[in-house]
Amino acid sequence: MRISQTLFSTLREEPADAEVRSHALMARAGFLEKLAAGIYIYGPLLWRVLRKIEQIVREEHDRAGCQELLLPALQPREIWEESGRWDRYVTDGILYHFQDGRGRDVCLGPTHEEVVTTFVKGRITSHKQMPVTLYQIQTKFRDEIRPRFGLMRGREFIMKDAYSFDVDQEAMAKSYETMREVYRRIFTRCGLRFTPVQADSGAIGGAGSEEFMVDAETGEDAIAISRETGYAANVEKAVTRIPAPPEPAEKVDMHKEPTPDAKTCTALQEQFPSLPLTRMLKTLLYKVTWTDRDATVAVMARGDRELNEVKLLNHLNALNVELADEKLVRQVTGAAVGFAGPIGLQDGVQLIADRSIEGVDGFLCGGNETDTHYLDVWFGRDLEQPPTFDFGLAQAGDSTEDGEGTIEITRGIEVGHIFQLGTKYSEAMNLRFQGEDGKQHVPFMGCYGIGVSRTAASAIEQNHDDKGMIWPIAIAPYHVVLIQMRSDDETQTALAQSMHDELTSGGVEVLWDDRKAGPGAKFKDADLVGIPLRVVIGRDAGDDKVEWQQRTGGETEVIASGEALERVRAAVAAVR
Ligand code: ATP
Ligand code: MG
């Protein structure tokens with residue numbers, strides 16, 4: 001493709017709202033154009049990348065025996081009522097839903113469990129038809145509260161979603177294992193460095209689930225890993241062994257102390273320097289929402305630990321948990337924010353605790369009175385210990401549960417997520433098949449997602465330098481860029497044309513910079529766009545020689561044009 005025949009143009013300036021490199025670089029290189037928050041036009045170069053990722057996704061699913069179909073994005077409310085998800089998705093605010101011209105409620109699919117289950121109903125009738133896995137590559141719609149980071153978190157984005165149907169749990173686990181391998185192959189072929197991690201199942205539901213994280217500093221997800229044991233989990237899910245509680249304290253009577261303005265553990269430490277954080281118990285107040293009611297829940301934790309709201313939400317089986325606002329805090333504690341405690345909370349407030357409080361006695365806690373805390377509080381003597389659960393957030397330096405490793409916190413971008421759903425949807429939507437025993441059974445399902453557009457962005461998040469993007473060759477918009485130094489030089493044009501034609505006829509994708517621009521601008525643009533291989537056709541064209549360079553760096557070499565063709569072909573063949 002001759003650049004002069006395309007709408008290629010690059011920008012000197014980055015868009016003001018670009019918070020991550022992938023977004024800034026793609027915008028500058030004209031890969032995408034923002035239409036509205038979280039809604040992007042995929043330009044021709046980006047579309048080539050997306051189609052390549054899709055192709056790898058297709059090949060690997062097909063190789064594993066999955067079948068592609070296409071489900072509608074526009075969906076009636078009824079199927080979401082059948083599965084029981086309408087309310088949660090509406091409350092979460094993630095669902096685009098509206099009434100059509102005849103007053104019927106419809107939504108734009110954020111995911112497709114309901115539709116695919118509807119499709120197989122009546123089609124899967126016997127155990128002999130399973131296992132079966134269906135997949136599609138399609139535009140998804142989610143009204144994200146904070147669309148950001150360009151393609152990373154869009155409101156309209158491309159996802160591959162697959163759904164497996166099996167006769168029982170064991171067979172489901174096998175299909176899941178197959179998909180796990182499919183995912184490994186896909187991300188490896190895309191040229192990405194990634195880590196599969198244990199994950200929370202979220203609103204989708206189900207038992208086991210893993211996320212595939214592209215390793216990147218700028219990733220939105222924090223991951224708890226242990227190099228010694230190979231443990232890897234999203235911090236939302238991670239279970240760790242926390243540092244031991246403090247030694248037992250001297251047993252003195254509980255007493256109230258004035259603590260003016262000491263609303264945080266840090267401030268309290270200044271006032272009570274000899275009291276370790278492990279002996280300060282904090283009490284956080286949450287406004288919790290279920291489908292049919294609201295309530296305030298107080299959650300205690302040790303001063304050196306953070307709470308994990310995902311675990312809390314799952315434990316309460318609620319739609320939403322959020323920290324109480326000032327008004328609610330005043331109402332249930334009678335005090336300003338920062339002084340909540342377990343003693344003397346308003347009636348009806350449920351009190352629970354993270355297991356980090358176990359074994360802690362002689363502690364400090366809020367007094368439910370502005371500028372006041374209790375000291376030397378003992379469970380059993382001064383109040384009953386609230387029931388404890390694991391609401392803890394994994395922290396660097398914790399041990400693995402088995403005590404064999406140390407936890408580090410790294411960051412990643414979630415590009416894929418696989419779930420063992422079990423019978424949640426098949427049961428709710430009344431899916432049945434005749435088993436080997438002649439009786440009716442409910443199929444076990446799995447579901448498997450890949451963010452296709454997010455994968456493109458994460459490739460750049462992982463592979464770039466200060467000059468621009470560096471595409472892994474398997475998903476690059478073109479394999480090679482031919483930079484013709486002077487567009488009015490006939491010898492250069494002839495050589496460029498012949499190399500272009502020869503490579504193209506062999507299936508190599510060539511971007512030919514034949515523009516009138518000066519060499520500086522051409523090199524700058526080539527760096528920005530990040531095509532992995534570069535051949536410069538300049539002064540030595542008359543001797544049939546070209547300059548060879550790779551975007552990842554290394555030396556510039558002057559070689560014969562035939563040798564350059566060989567090198568390009570070999571590099572492309574290596575990823576086919
Ligand atoms: P996140 O936690 O990032 O919001 P999710 O867990 O809600 O994502 P899934 O339901 O697991 O997402 O969707 C499958 C895949 O789709 C994700 O692993 C991710 O790669 C991609 N994805 C999800 N939401 C978006 C989005 N708003 N924009 C782009 N890709 C997305
Ligand atoms: Mg997910």
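Since we're looking at a predicted model, the values are computed, not measured. Sequence order sets the numbering: in each chain, residues are counted from 1 along the sequence as written. As a convention, the first chain written is A and the first ligand written is 1, with the rest following in written order. Owing to the predicted nature of the model, reporting of local features is limited to residues with pLDDT of at least 70; listing and counting of side-chain atom pairs is limited to 80 or more, with chain, interface and lining totals taken over all residues. Only hydrogens and water are set aside; all other atoms, that is, all heavy atoms of the structure, feed into the side-chain values.

Proximity is defined per residue: any heavy atom of the residue falling within 4 Å of a molecule or strand makes that residue near it. Neighbouring ligand 1 are 14 residues; R142, E144, R153, G154 and E414 lie closest to it. Note that a nitrogen atom of ligand 1 is positioned 2.9 Å from one of the backbone N or O atoms of G154. G451 has a polar backbone atom sitting 3.2 Å from an oxygen atom of ligand 1. Look at ligand 1: alone it shows 590 Å² of surface, and the protein chains cover 85% of it. Those elements that place two or more of their residues in the shell around ligand 1 are β8 (156–166) and β23 (408–422). With four residues, the top contributor of residues to the shell around ligand 1 is β23. As a working rule, the residues Ala, Val, Leu, Ile, Met, Phe, Trp, Tyr, Cys and Pro are called nonpolar, Asp, Glu, Lys and Arg charged, and the rest polar, with Gly in that last group. Here the residues of the shell around ligand 1 sort into five nonpolar, four polar and five charged. Polar contacts, as used here, are pairs of N or O atoms within 3.5 Å; protein pairs need one atom able to donate a hydrogen and one able to accept it. Residues neighboring in sequence count only if both atoms are side-chain atoms. We get accessible surface area from the Shrake-Rupley algorithm with a probe of 1.4 Å; when it comes to residues, only the shown protein chains can shield them. By the criteria applied, helices consist of DSSP H or I runs no shorter than four residues and strands consist of E runs no shorter than two, each listed in order from the N terminus.

With that settled, consider the packing of aromatic side chains. Any two of the Phe, Tyr and Trp rings considered here, Trp counted by its six-membered ring, make a pair once their centres fall within 6.5 Å; the pair's planes then place it as stacked at under 30 degrees, edge-to-face at over 60, or tilted in between. Within the structure shown, the criterion is met by 11 aromatic pairs. Taken together, a centroid distance of 6.4 Å and an interplanar angle of 5° make the contact between Y42 and W47 stacked. Three labels apply to residues, based on accessible area from a 1.4 Å probe with only protein chains included: buried if under 20% of the type maximum, exposed if over 50%, partly exposed otherwise in between. Owing to a relative accessible area of 23%, Y42 belongs among the partly exposed residues under this scheme. Classification of W47 as partly exposed rests on a relative accessible area of 33%. Between F187 and F212, the aromatic rings sit 5.9 Å apart at their centres with planes inclined by 35°, giving tilted as the arrangement. Of the two residues, F187 sits in helix α6 (residues 169–189) while F212 sits in strand β10 (residues 209–215), which places them 25 residues apart along the sequence. Neither F187 nor F212 differs from the other in exposure class; each is buried.

What follows is about the side chain of E144. Tracing the backbone through its elements, the reader meets E144 in the loop between β7 (132–141) and β8. Under the relative-accessibility criterion, E144 is labelled buried at 13%. A distance of 3.0 Å separates polar atoms of two side chains, one belonging to E144 and the other to R153. When neighbours within four sequence positions are excluded, E144 is seen to be in contact with I94, R153, G154 and R155. Only heavy atoms matter for contacts: two residues are in contact if any of them lie within 4.5 Å across the pair.

This part takes up the domain arrangement of the chain. Where each domain begins and ends is defined by an automated method or by a domain database. Examined at the domain level, the chain breaks down into domain 1 (3–238 + 409–461), domain 2 (255–389) and domain 3 (478–573). Computed over C-alpha atoms only, the centres of domain 2 and domain 3 are separated by 65 Å.

Below, the discussion takes up the side chain of D221. Locating D221 in the fold gives a position in strand β11 (residues 221–225). Comment: no salt bridge for buried D221; closest opposite-charge side chain is R454, at 5.4 Å. Side chain to side chain, D221 and N234 meet in a polar contact 3.2 Å long. Setting aside chain neighbours within four positions, we find D221 in contact with M213, N234, T410, R411, G412 and E414. Here Asp and Glu are counted as negative and Lys and Arg as positive; His is not counted, and neither are the chain ends. Take a side-chain nitrogen of Lys or Arg and a carboxyl oxygen of Asp or Glu: if they are within 4 Å of each other, that pair is a salt bridge.

Here the amide bond leading from M130 into P131 is cis, since omega sits at 5°, within 30 degrees of zero. Turning to its location among the elements, P131 is positioned in the loop between α5 (113–120) and β7. With a phi angle near 50°, N368 is a residue other than glycine that sits in the positive phi range. Summarising the element assignment, N368 is placed in the loop between β19 (363–366) and β20 (372–377). For N368, a relative accessible area of 10% gives the class buried. Of note in the backbone geometry, D544 takes a positive phi value of approximately 65° without being a glycine. By the secondary structure assignment, D544 is in the loop between β31 (533–537) and β32 (545–550). D544 sits in the partly exposed class, given a relative accessible area of 39%.

A few words now on the nonpolar core. The definition of a nonpolar core used throughout is a set of buried Ala, Val, Leu, Ile, Met, Phe, Trp, Tyr and Cys residues joined through side-chain atoms within 4.5 Å. If you look at the biggest cluster of nonpolar residues, it comprises 61 residues, and the most contacted ones within it are M26, F31, Y183, F187 and W471. Per element, the largest residue contribution to this core is seven residues, and it comes from helix α2 (residues 44–63). When residues of this core are sorted by domain, at least three fall in each of domain 1 (3–238 + 409–461) and domain 3 (478–573). In this structure, M26 is in contact with F31, L32, L46, L151, A456, A457, I460, M469 and W471, ignoring residues within four places of it in sequence. Counting 25 residues, the second largest nonpolar core, distinct from the first, contains L69, L71, I79 and M429.

Put simply, a patch holds well-exposed residues, over 30% relative accessible area, that have no salt bridge, with like charges counted together within 9 Å and Val, Leu, Ile, Met, Phe, Trp or Tyr side chains within 5 Å. Charged side chains are reduced to one point each, which is NZ for Lys, CZ for Arg, CG for Asp and CD for Glu. Residues D540, D543, D544 and E547 make up a contiguous surface patch of negative charge. Relative to the assigned elements, E547 resides in strand β32. The partly exposed category is assigned to E547, whose relative accessible area is 33%.

The element β10 is largely enclosed, with a buried count of six among its seven residues. In the sheet, strand β9 (residues 194–198) pairs with β10 via five bridges, with the strands oriented antiparallel. In the strand pairing of β10, V197 is matched with E211. Strands pair, by our definition, only if DSSP identifies at least two bridges between them.

Okay, the packing of helix α12 (residues 490–505) against helix α14 (residues 561–573) next. Axis separation between α12 and α14 bottoms out at 11 Å; the angle between their running directions is 30°. The angle between α12 and α14 places the two elements in the roughly parallel class. When you trace α12 past α14, the crossing you get is right-handed. Residue-level contacts link L495, M499, E502 and L503 of α12 to S561, A564, L565, V568 and R569 of α14. Partitioned by chemical class, the residues of the contact of α12 with α14 number six nonpolar, one polar and two charged. Where helices are involved, their axes are fitted lines through C-alpha atoms of the stretch in contact, as for all axes, and angles between N-to-C directions lie from 0 to 180°. Any angle that is under 35 degrees is reported as roughly parallel, and any over 145 degrees as roughly antiparallel; angles of 65 to 115 degrees are reported as roughly perpendicular and all others as oblique. A clockwise turn of the near helix away from the far one marks a right-handed crossing, whereas an anticlockwise turn of less than a right angle marks a left-handed crossing.

A sheet is described by the order of its strands in space; here three strands give the open sequence β14-β20-β19, paired in antiparallel fashion. Only two strands of the sheet have a single partner each, and these edge strands are β14 (255–258) and β19. Between one strand axis and the next, the sheet turns through 30° on average, direction left out of account. Two strands pair when backbone bridges link them, and β19 and β20 are joined in this way by three bridges, in the antiparallel orientation. Bridge assignment links C365 to a residue of β20, and that residue is Y374.

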